Amino acid sequence: MRIRYKLALLFTLIVAGLLTLFSYVIYEDSSHHRDEIFLGRLENKARTTARYLIDVEEINNELLRIIDQNSLTSLDSELVLVFDPGNKLVYSSVDDKPVKYSRKLIAEVREEKIVEYTDGLYDQIGLAFPSKINSSKGEYVVLASAYDRFGKDKLRNLRNTLIICWVVGVSLTVLASGWLSAYFLRPVATINEKIQLITAQNLKERLSEGNGRDEIAQLAINFNQMLNRLDMSFEQQKSFVSHASHELRTPLTAMKTDIQSGLEETLSAEEYRDILRDLFQDTQRLIGLTNGLLQLARPLDKVLKRNTLSVVDLLLDIQSHMSSAQKPNSIRFDPAIFDLKPQDVQVTGNESLLKTLLTNLMDNACKYSDGRPVDISIERQQSDCCIHVADQGIGIAPKDQERIFGAFFRGNNAIRYSGYGIGLAVSQRIAEWHEGSISVQSNLHQGSTFTLRLPLA
Ligand code: ADP
């Protein structure tokens, strides 16, 4: 069932329930009130009649009947019966038809002294009544019954009014709740329709954010933010593909030109060797590029092995590896100065990925500082470990410092150095996979410090 209908139904059920409860309470209270008033009147009537009959000697049955029938307080279909202590009927307010009464009831009245009950249409009361003049004579019993036309009419009228109010109230609630739920959920329907129209081709479309305050507006705002992110990553993807094809095409075009000139012209052995050298360099570049692309495209699987690794050992390992690769720079790293033992700084991660990342940072530091020394330092910061790679090289222009982590971006001052602009993008992915981050602080012509922050194990 749609939420709109569910809301309307629920609201209607609640209102109908409340109306029923209130109607019931009002009706029951009125009915109880009527009973009390009418039985009170009936009791007065019974007492007056009995007092006249039993305590006033001058009054006989005939006179009392006349008084009863003509008094202002006479009730509708009124019947008063008086029984003497021997249960003999000594007075009946009607003389023209036989009256029925129950002996059991008379016995009950003698026992209880007062009995009230309703016999379908009629309200009845029974009273035990001692004679004032001669109390030794025993108790008389008065049974009085009457029909409360006025009270019952009023009650019937009240019941009908309540039923009509209930029906009208519930009908109005159905209409109002249907309209209200449609009104409040209309923006959701609009959002739904709009979402269906958004495809990869029109990712620039945005939802209306309404008043910007309520929950539905918040939903639209969040959805728009998600579209922004999707759009951005779509754009990044597109520019990545165009950059990648451009980077691949450049060495391929150079190779094609070399091969063409080798085929079309008759060249000396030395010239052929030059061509082969160029071809070798371009092939090297292509291999480097495709390796970088592979690293970027490869999903960093959650199931890749993670171990607890000592950062000091990792850095010493890379340092010795790079020194043996005969880098002109000296990589200065001495754990003793930081007063750290290998077990002091441990992280959880994949050894080969972390080596790739740190080697990238150190390679760049060596490459962009023309043989000047590179300093590695580590420090613990609360629950993180920070590894700083500082060089005294060409530095990075402030406007480029954010962009160098994007694939294929190369600073203007870096063009004369070999590279593809992929290393930092790969490094950042690896850092994020380890729930860490890379940041840079740099001054042009003075040097850069790259900081890798990783959570401690
Ligand atoms: P590559 O070094 O192959 O160009 P990277 O992704 O490793 O690719 O680096 C991207 C860019 O960041 C470089 O082209 C360069 O402009 C800048 N960069 C990275 N490291 C340094 C550094 N240590 N000093 C100066 N610039 C750097």
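Preceding block: the structure.
Worth saying up front: this structure is predicted, and the values here are computed from it rather than measured.

S.K.: Looking at this model, I keep getting lost on the sheet that holds strand β9 (residues 374–381). Mind explaining?
M.R.: Within a sheet, each strand pairs with its neighbour through backbone hydrogen bonds, oriented either parallel or antiparallel. Taken together, five strands build an open sheet; the order of strands is β7-β9-β10-β12-β11 and the sheet is mixed. With one partner strand each, in any of the chains shown, β7 (331–332) and β11 (437–443) form the two edges of the open sheet. Inspection of the sheet shows β9 paired to strand β10 (residues 384–390) by seven bridges, in the antiparallel sense. Along β10, the bridge assignment pairs I376 with V389. Here helix α7 (residues 311–324) sits on the sheet in contact with β7, β9 and β10, set at roughly 175° to β9. Across the sheet, helix α8 (residues 351–367) is in contact with β7, β9, β10, β11 and β12 (447–455); its angle to β12 comes to roughly 170°.

S.K.: When you look at the site of the ligand in this model, what are you seeing that I'm missing?
M.R.: Every one of the 21 residues lining the ligand counts as a neighbour, but N364, Y368, R410, G411 and L424 are closest to it. Here an oxygen atom of the ligand and a backbone polar atom of G421 are 3.2 Å apart. Between the ligand and the protein, one listed contact pairs an oxygen atom with a backbone N or O atom of G423 at 3.2 Å. Where the shell around the ligand is concerned, the elements lending two or more residues are α8, α9 (423–433) and β12. Element by element, the count of residues in the shell around the ligand is highest for α8, at three residues.

S.K.: Mind showing me how you'd approach the environment of G292 here?
M.R.: Tracing the chain through its elements places G292 in helix α6 (residues 269–297). Expressed as a C-alpha distance, the spacing of G292 and V141, which sit 151 residues apart in the sequence, is 115 Å. When sequence neighbours within four positions are dropped, the list of residues in contact with G292 reads I422 and V426.

S.K.: Is there a simple way to explain the side chain of T451 in this structure?
M.R.: Looking at where T451 falls in the secondary structure, it is placed in strand β12. With relative accessibility at 14%, the residue T451 sits in the buried group. A polar contact is formed between the side chain of T451 and the side chain of H388, at a distance of 2.9 Å. In this structure, T451 is in contact with C386, I387, H388, S437, I438 and S439, ignoring residues within four places of it in sequence.

About the criteria used
Residues numbered from 1 in each chain as written. Predicted model: local features only at pLDDT ≥ 70, side-chain atom pairs only at ≥ 80, totals over all residues. Heavy atoms only, no water. Pairing = 2+ DSSP bridges. Helix = DSSP H or I, 4+ residues; strand = E, 2+ residues; numbered from the N terminus. Contact = heavy atoms within 4.5 Å. Axes fitted to C-alpha atoms, helices over the stretch in contact; angles between N-to-C directions. Near = heavy atom within 4 Å. Polar contact = N/O pair within 3.5 Å; in protein donor to acceptor, adjacent residues only side chain to side chain. Buried < 20%, exposed > 50% of the residue type's maximum accessible area, 1.4 Å probe, protein only.

Interpretation in functional terms is not warranted from these geometric data alone.
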